Amino acid sequence: MKTSASLGSFAGANAEGTNSFGLASERNMESVIQLSQQANCLTYVAITTAMMGAMMFGIDQGNYGLVQGFSSFYDAWCKGRFEGFDCDPKSKNQPTGWTEFIAWGGSLITVGAAVGSLTLGPIISTSLGRRLC
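Residues numbered from 1 in each chain as written. Predicted model: local features only at pLDDT ≥ 70, side-chain atom pairs only at ≥ 80, totals over all residues. Heavy atoms only, no water.

Trainee: Can you help me understand the overall build of the protein in this one?
Mentor: For the protein, the helix and strand inventory stands at five helices and zero strands. Reading the protein from its N terminus to its C terminus gives the helix and strand order α-α-α-α-α. The 133 residues of the protein split such that 9% are buried. Long-range contacts, defined as pairs at least 24 residues apart, comprise 31% of the intrachain contacts of the protein with a sequence gap of at least 6. (Helix = DSSP H or I, 4+ residues; strand = E, 2+ residues; numbered from the N terminus. Buried < 20%, exposed > 50% of the residue type's maximum accessible area, 1.4 Å probe, protein only. Contact = heavy atoms within 4.5 Å.)

Pasting the structure below:
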């Protein structure tokens, strides 16, 4: 009959609680399970906030794509700016300046999100992120 000491040495357990294969021992697995079961309200708030941010970004991208086909969009941003173009959303021969405007408009949404996250991310995470013990 094997004792727990002989079983531990057979599995190659070391002082850190892992065996020679890098797997956690039974004692450490119990503490991981207990820790994972302690999700608190702040965890759910953080997950919900991240999900809502991703959804709003997708909605913004989709709205800009949909608005490009509206006549009112062409009236506000096209008429009077491009000579020889009737500013019809269904027109096939659009001037180069207009297609560049549409492309830049879609790209700047993504660029603005990237710049905003890179500039404000470190500030917010430093002041509101995880604290050292």
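Trainee: Can you help me understand the state of the cysteines in this one?
Mentor: When the sulfur atoms of two cysteines share a covalent bond, that bond is a disulfide. For the coordinates displayed, the defined rule picks out one disulfide. The disulfide that involves Cys 78 links it to Cys 87, with 2.1 Å between the sulfurs. Because the sign of the S-S torsion sets the handedness, a value of about -80° for the bond joining Cys 78 and Cys 87 places this disulfide among the left-handed ones. Residue Cys 78 shares its accessibility class with Cys 87, and that shared class is buried. (Disulfide = S-S within 2.5 Å.)

Trainee: Just checking my understanding: could you explain helix 5 (residues 96-128) for this structure?
Mentor: Residue pairs three or four apart in sequence face the same way in an α-helix, which turns once every 3.6 residues. Across its 33 residues, helix 5 extends 46 Å between first and last C-alpha, which sits within 8% of the 48 Å expected from 1.5 Å per residue. At Leu 120, helix 5 shows its strongest bend, of approximately 35°, with the proline Pro 122 following within four residues. All of the buried residues along helix 5 are Trp 98, Ile 102 and Gly 105. Tucked into the core, helix 5 has its buried residues touching helix 3 (41-67) and helix 4 (71-77). (Expected span 1.5 Å × (residues − 1). Bend = angle between axes of the 7 residues up to and from the residue.)

Trainee: Teacher, can you tell me more about a nonpolar patch on the surface here?
Mentor: The grouping of Met 52, Met 55, Met 56 and Ile 59 at the surface amounts to a nonpolar patch, some 400 Å² of accessible area in total. Within the secondary structure, Met 55 is located in helix 3. (Patch = residues over 30% accessible without salt bridge, like charges linked within 9 Å, V, L, I, M, F, W, Y side chains within 5 Å. Areas by Shrake-Rupley, 256 points an atom, 1.4 Å probe, with all protein chains shown as cover. Salt bridge = Lys/Arg side-chain N within 4 Å of Asp/Glu carboxyl O.)

Trainee: Would you explain the pattern of salt bridges in this entry?
Mentor: When the charged atoms of two side chains lie near each other, side chains of opposite charge can form a pair. Taken as a whole and assessed by the stated rule, the structure comprises one salt bridge. Between Asp 75 and Lys 79 there is a salt bridge, with the nearest N and O atoms lying 3.0 Å from each other. Residue classification places Asp 75 among the partly exposed residues on the basis of a relative accessible area of 39%.

Trainee: Teacher, can you tell me more about the packing of helix 3 against helix 5 here?
Mentor: Relative placement of two packed helices is described by the angle separating their axes and the distance separating the axes. Contact geometry of helix 3 with helix 5 gives a least axis separation of 11 Å together with a crossing angle of 170°. It follows from the interaxial angle that helix 3 and helix 5 lie roughly antiparallel. Taken together, the residues of helix 5 that come into contact with helix 3 (itself represented by Phe 57, Asp 60, Gln 61 and Tyr 64) are Phe 101, Ile 102, Gly 105, Gly 106, Ile 109, Thr 110 and Ala 113. Each residue belonging to the contact of helix 3 with helix 5 can be placed in one class, and the counts come to six nonpolar, four polar and one charged. (Axes fitted to C-alpha atoms, helices over the stretch in contact; angles between N-to-C directions. Parallel < 35°, antiparallel > 145°, perpendicular 65-115°, else oblique. Nonpolar A, V, L, I, M, F, W, Y, C, P; charged D, E, K, R; others polar.)

Trainee: Please explain the environment of Arg 81 as it appears in this structure.
Mentor: With respect to the helices and strands, Arg 81 occurs in the loop between helix 4 and helix 5. Measuring from C-alpha to C-alpha, the distance between Arg 81 and Trp 98 comes to 9.0 Å, with 17 residues separating the pair along the chain. Polar contacts involving the side chain of Arg 81 include one to the main-chain carbonyl oxygen of Ala 76, which spans 3.0 Å. (Polar contact = N/O pair within 3.5 Å; in protein donor to acceptor, adjacent residues only side chain to side chain.)

Trainee: I tried to follow the environment of Gln 94 on my own but got confused; where do I start?
Mentor: Its place among the elements puts Gln 94 in the loop between helix 4 and helix 5. For the pair formed by Gln 94 and Phe 82, sequence separation is twelve residues and the distance between their alpha carbons is 9.5 Å. Leave out the neighbours within four places in its chain, and Gln 94 touches Tyr 74, Phe 85, Asp 88, Pro 89 and Thr 99. A polar side-chain atom of Gln 94 sits 3.1 Å from a polar atom in the side chain of Tyr 74.

Bear in mind that shape data such as this cannot, by itself, settle questions of function.
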